[in-house]
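Descriptive structure summary
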Amino acid sequence: MKDKIVLVTGGTGGIGQQTALGLARLGAHVIITGRDAARGAAAVEAIRQGSGQARVDLLLADLAEQQDVRALAEQVQQRYPRLDGLINNAGVFKMQRQLTSDGIEATFAVNVLAPFLLTHLLLPMLQAAPSARVINVTGGSPGKLELDNLQGERKYTGFGQYSQSKTAMMALAYEFAQRLPGSTVSVNVCYPGRATTPMTRGFLPNSSSPLLRGVFSLLQNTFFRDDGGKSAAKAARSSIYLASAPEVSGVTGVYFGTKSERLDWKPSMIDSVNRKAVWALSEQLTQLVSPLPSI
Ligand SMILES: NC(=O)c1ccc[n+]([C@@H]2O[C@H](COP(=O)([O-])OP(=O)(O)OC[C@H]3O[C@@H](n4cnc5c(N)ncnc54)[C@H](OP(=O)(O)O)[C@@H]3O)[C@@H](O)[C@H]2O)c1
């Protein structure tokens, strides 16, 4: 990975930080994103210390806000000659439905629209590299897609919306790969597996009954016990592999699992009606006209 420049969104904590660390150890120049300058500076320092690699940069952006996504892409264009990799890693889980300042449901904004917009805006940077890889990080149990409830406007549960947002993101990733045939830019999806991170620690619902909170707490202590980043490092392996392994060069439109094995796409993700509907909605909500022709 020497001389490769890779952007990892959500690189200030959890799986993203471990992904950036792993790539820096392989010699890559990594750029991480996050929302908080102090958390970001601490992550940069930890990645530098852990890798011996000085070329670790931080860019601040709240990916829930489209103006931040656009400003992030501009900064990347101004500061770097090209991008060899983009890892759309940042993802959120919201127990309660929230709207962003753009008026968009927050899970959909971060997990679906941010990767869609950022990948489009950075496409010229990716195309400037001899070959570039876009990796989109999904969650467990995607598959459900309700086209009339993509932002949880009819009914909303945190887990339902998280799962649906990942399905929509995967439909877009599959569509990107179809729209970039024979390109130097590959687009794949990976599932990292379960890890103890800020996101999974946020699974505890504040407003639920004491009994439910007790059960959740028990489950969290069983499945998401703080392990000092060990499980996040393990979960980062599939993104690191997809971003760096020579045998994945040119492979596109593939859904990889935790052991970098190929998984089957769910019908809801590759169904052309679904893909086109999510693509059209994403274009509309980001006010972006994709230059990639529909196939
Ligand atoms: N953990 C798991 O068990 C698990 C399982 C399956 C899939 N995944 C997926 O793996 C990816 C990483 O998950 P994780 O568990 O590592 O998450 P995490 O620990 O919550 O991720 C933290 C990172 O995301 C950034 N982030 C959060 N909200 C953001 C926003 N609105 N804008 C910009 N950055 C934001 C944080 O930056 P700040 O410094 O700004 O907070 C931080 O860098 C996600 O896509 C998740 O869905 C995780």
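Just so it is clear, the structure is predicted and the values come from calculations on it, not from any experiment.

Our focus in this paragraph is the packing of aromatic side chains. What the rule picks out here adds up to seven aromatic pairs. Seen from their ring centres, phenylalanine 93 and phenylalanine 159 are 4.7 Å apart, and the 55° between their planes marks the pair as tilted. Highlighted residues: phenylalanine 93 in the loop between strand S4 (85–88) and helix H4 (106–127) and phenylalanine 159 in helix H5 (residues 158–179), separated in sequence by 66 residues. Its relative accessible area of 40% is what places phenylalanine 159 among the partly exposed residues. Measuring from centroid to centroid gives 5.0 Å for tyrosine 174 and tryptophan 265, while their planes differ by 75°, and the two rings are edge-to-face. Here tryptophan 265 lies in the loop between strand S8 (262–263) and helix H10 (267–270) and tyrosine 174 lies in helix H5, a separation of 91 residues in the sequence. Judged by its relative accessible area of 15%, tryptophan 265 is buried. Each member of the aromatic cluster is reached from another via a ring pair, and the members are Phe93, Phe159 and Tyr162.

Attention shifts here to a nonpolar patch on the surface. On the surface, Leu211, Val215, Leu219 and Phe223 cluster together to form a nonpolar patch covering roughly 390 Å² of accessible area. Locating phenylalanine 223 in the fold gives a position in helix H7 (residues 210–223). The class of phenylalanine 223 is partly exposed, set by a relative accessible area of 41%.

Core analysis: the biggest nonpolar cluster contains 57 residues, and Val76, Leu83, Phe108 and Leu122 have the highest contact counts within it. Taken together, the elements giving at least two residues each to this core come down to strand S1 (5–8), helix H3 (66–79), H4, strand S5 (132–137), H5, strand S6 (185–190) and helix H11 (272–286). The biggest single contributor to this core is H4, with 14 residues. Residues within four places of phenylalanine 108 in sequence aside, it is in contact with Leu113, Leu150, Gln151, Gln161, Ala168, Leu281 and Leu285. Leu21, Val44, Ala232 and Ala245 belong to the second largest nonpolar core, which has 30 residues in total.

This part takes up the packing of H4 against H5. For any two helices packed against each other, the geometry is given by the interaxial angle and the distance between the axes. Following both chains from N to C, one finds H4 and H5 inclined at 15°, their axes separated by 8 Å at the closest point. Relative to H5, H4 is oriented roughly parallel. Handedness of the H4/H5 crossing: right-handed. Contacts between H4 and H5 involve Thr107, Phe108, Asn111, Val112, Pro115, Phe116, Thr119 and His120 from the first element and Gln161, Tyr162, Ser165, Lys166, Ala168, Met169, Leu172 and Phe176 from the second.

What follows deals with the sheet that holds S8. Within the open sheet, the eight strands sit side by side as S3-S2-S1-S4-S5-S6-S7-S8. Their pairing is mixed. Strands at the two margins of the open sheet, each flanked by one partner only, are strand S3 (56–60) and S8. Here strand S2 (residues 29–34) pairs with S3 via five bridges, running parallel. Bridging across to S3, threonine 33 finds its partner in leucine 59. Its contacts with the sheet put helix H1 (residues 14–25) on S1, S2 and S4, and the angle it makes with S1 is roughly 170°. With respect to the sheet, helix H9 (residues 237–244) is in contact with S4, S5, S6 and strand S7 (255–256), its orientation differing from that of S5 by roughly 160°.

Rules used throughout
- Residues numbered from 1 in each chain as written.
- Predicted model: local features only at pLDDT ≥ 70, side-chain atom pairs only at ≥ 80, totals over all residues.
- Heavy atoms only, no water.
- Phe/Tyr/Trp six-rings, centres within 6.5 Å; stacked < 30°, edge-to-face > 60°.
- Helix = DSSP H or I, 4+ residues; strand = E, 2+ residues; numbered from the N terminus.
- Buried < 20%, exposed > 50% of the residue type's maximum accessible area, 1.4 Å probe, protein only.
- Patch = residues over 30% accessible without salt bridge, like charges linked within 9 Å, V, L, I, M, F, W, Y side chains within 5 Å.
- Areas by Shrake-Rupley, 256 points an atom, 1.4 Å probe, with all protein chains shown as cover.
- Salt bridge = Lys/Arg side-chain N within 4 Å of Asp/Glu carboxyl O.
- Core = buried A, V, L, I, M, F, W, Y, C linked by side-chain atoms within 4.5 Å.
- Contact = heavy atoms within 4.5 Å.
- Axes fitted to C-alpha atoms, helices over the stretch in contact; angles between N-to-C directions.
- Parallel < 35°, antiparallel > 145°, perpendicular 65-115°, else oblique.
- Left-handed = near helix turned anticlockwise from the far one by under 90°.
- Pairing = 2+ DSSP bridges.

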